[in-house]
Amino acid sequence: MKKTIMLLALMASCNLFSQNNESTLKIFLNCNYCDITYIKQNLDFVEFVRDQKDADAHLLFRTQVNGSGGIIYEIEFIGQNNYSDVQDKLTFSTNSDSTDSEIREMILKYTKLGLVRYWLKNGAHDKISVEMKKKEEVDVIAQKDVWNKWVFDLGLRGYFQGQESNKTRSLNFSVTAKQVTDKNKFYLRGSFNDSRSVYTYDGTDIISSQKSTNLTLYDVLSINDHWSAGAFAEVGKSTYRNKAFYGSLKPAIEYNFFSYKESSKKQLTLAYKVGGIHTNYNERTIFNKEEEFLWEHNLSLGGSIKQKWGSITSQASYESYLKDPSLNAFSFYLGTNFRIVKGLSFNVSGNYDITNNQINLAAGDLTLEELLLSQKQVKSGYNYFLSVGLNYSFGSMFNTIVNPRFNF
């Protein structure tokens, strides 16, 4: 009799443990720009796991900039293990003036909404409540856009830093106008930059100053799901680049090997630009020119992909002057972050540029001050940047608890 009672008690405790375990959904949050602490503090009835293989639901976030300057968020809910039949995707947008608090609240809201089917399958029916807006609260009348998709931005920024022996100040002003529709993408931006640094040594002030002005106009037309055409124009001046005035106009065409509708997941584009550039120089160049007009073309191949195993972004480009192809430049960029095995991830980011087209360099030798203070552009056949990382994480598979004490 005692054995029977003990067996029944053991079975009951196992069943109770199973029910409690089922009520906790294990999720893996794949989002580099989310407020993870806020989500952990406000998302109940889930267990956050370190490794995606241990998750019942893998939440993969993708973002793109929308026409108003805000962000389009796409959350892909990937069911795994016993939840492999539950697959969903939710999309929402923020505005350009959305605060961090508003954005994280929206992310949490849509995360909860996307997990409802998982909780139902998990058996947590009593943990879910549904609240719908009343009919009279729903605005069924489409609002008229008095701005007709136009978005404007004014920016004024100042940077000031100093100590007893040196001080730096930088001023920047910009104005932007853009209109983005399915058929057309228009962008106009003007900017002015003025920076000045003063270094005091042995009672003498050494001054470094740079100024630049730029006006950029892009206009792109959508031809179909794979082709686009546009024009790119630019005028301006720059003391650093030895340009008293420059102006360029380049028609362009682009082909996407995938549909543009899939751009949040993957894209591979081939683009070609060709046009003329007119330049007046501040000082006579190393080619003995005070002004000139040249034809230039650019070819670039770039792509990106973001899947549950990681992400890759890369681009290779070539440009040269038509009159002399030896005056050219090559640029290569690669950025990737992916999971090798459970707990082990690898990331690399870098670029390498080969520059044989610095025709704007001023003739004569640079002074030591100009070189050290970067007052003028310096001849360089190449430049590069490389960052490589390997990370291995092991231990408890759960990481739900938040403890903000001492801010670490």
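Residues numbered from 1 in each chain as written. Predicted model: local features only at pLDDT ≥ 70, side-chain atom pairs only at ≥ 80, totals over all residues. Heavy atoms only, no water.

## Here we look at the state of the cysteines
In protein chemistry, a disulfide is the covalent bond that joins the sulfur atoms of two cysteines.
Then, number 1: Inspection of the entire model under this criterion finds one disulfide.
Then, number 2: In this model, Cys31 is linked to Cys34 through a disulfide, with the two sulfur atoms separated by 2.0 Å. Linking Cys31 and Cys34, the disulfide has an S-S dihedral of approximately 85 degrees and is accordingly described as right-handed.
Then, number 3: A relative accessible area of 8% means that Cys31 is categorised as buried. (Disulfide = S-S within 2.5 Å. Buried < 20%, exposed > 50% of the residue type's maximum accessible area, 1.4 Å probe, protein only.)

## A look at the sheet that holds strand β3 (residues 57-65)
Then, number 1: The mixed open sheet is built from five strands, whose spatial order is β2-β1-β3-β4-β5. Where the open sheet ends on each side, the last strands, each with one partner, are β2 (46-48) and β5 (87-93). Going across the sheet, the axis of each strand differs from the next one's by a mean of 25 degrees, ignoring polarity.
Then, number 2: Of the strand pairs in this sheet, strand β4 (residues 71-79) and β5 are connected by seven bridges, and their pairing is antiparallel. Paired with Ile75 across the strands is Leu90, a residue of β5. (Pairing = 2+ DSSP bridges. Helix = DSSP H or I, 4+ residues; strand = E, 2+ residues; numbered from the N terminus. Axes fitted to C-alpha atoms, helices over the stretch in contact; angles between N-to-C directions.)

## Notes on the nonpolar core
Then, number 1: Leu43 and Leu115 are the most contacted members of the largest nonpolar core, which has 27 residues in total.
Then, number 2: Top element by residues in this core is helix α3 (residues 100-122). It accounts for seven residues.
Then, number 3: For Leu115, the residues in contact, after removing those within four places along its chain, are Leu25, Ile27, Leu43, Val46, Ala57, Leu59 and Phe77.
Then, number 4: Counting five residues, the second-largest nonpolar core is a separate cluster that includes Tyr281, Leu294, Tyr321 and Ile359. (Core = buried A, V, L, I, M, F, W, Y, C linked by side-chain atoms within 4.5 Å. Contact = heavy atoms within 4.5 Å.)

## Quick look at a nonpolar patch on the surface
Then, number 1: On the surface, a nonpolar cluster with roughly 830 Å² of combined accessible area is contributed by Ile223, Trp227, Ile253, Phe257, Phe258, Leu268, Leu270, Tyr272, Leu299 and Leu301.
Then, number 2: At the level of elements, β12 (266-281) and β13 (291-307) are the ones that each hand at least two residues to the nonpolar patch.
Then, number 3: If you tally residues by element for the nonpolar patch, the top one is β12, at three residues.
Then, number 4: Looking at the secondary structure, you find Phe257 in the loop between β11 (243-256) and β12.
Then, number 5: The class of Phe257 is partly exposed, set by a relative accessible area of 42%. (Patch = residues over 30% accessible without salt bridge, like charges linked within 9 Å, V, L, I, M, F, W, Y side chains within 5 Å. Areas by Shrake-Rupley, 256 points an atom, 1.4 Å probe, with all protein chains shown as cover. Salt bridge = Lys/Arg side-chain N within 4 Å of Asp/Glu carboxyl O.)

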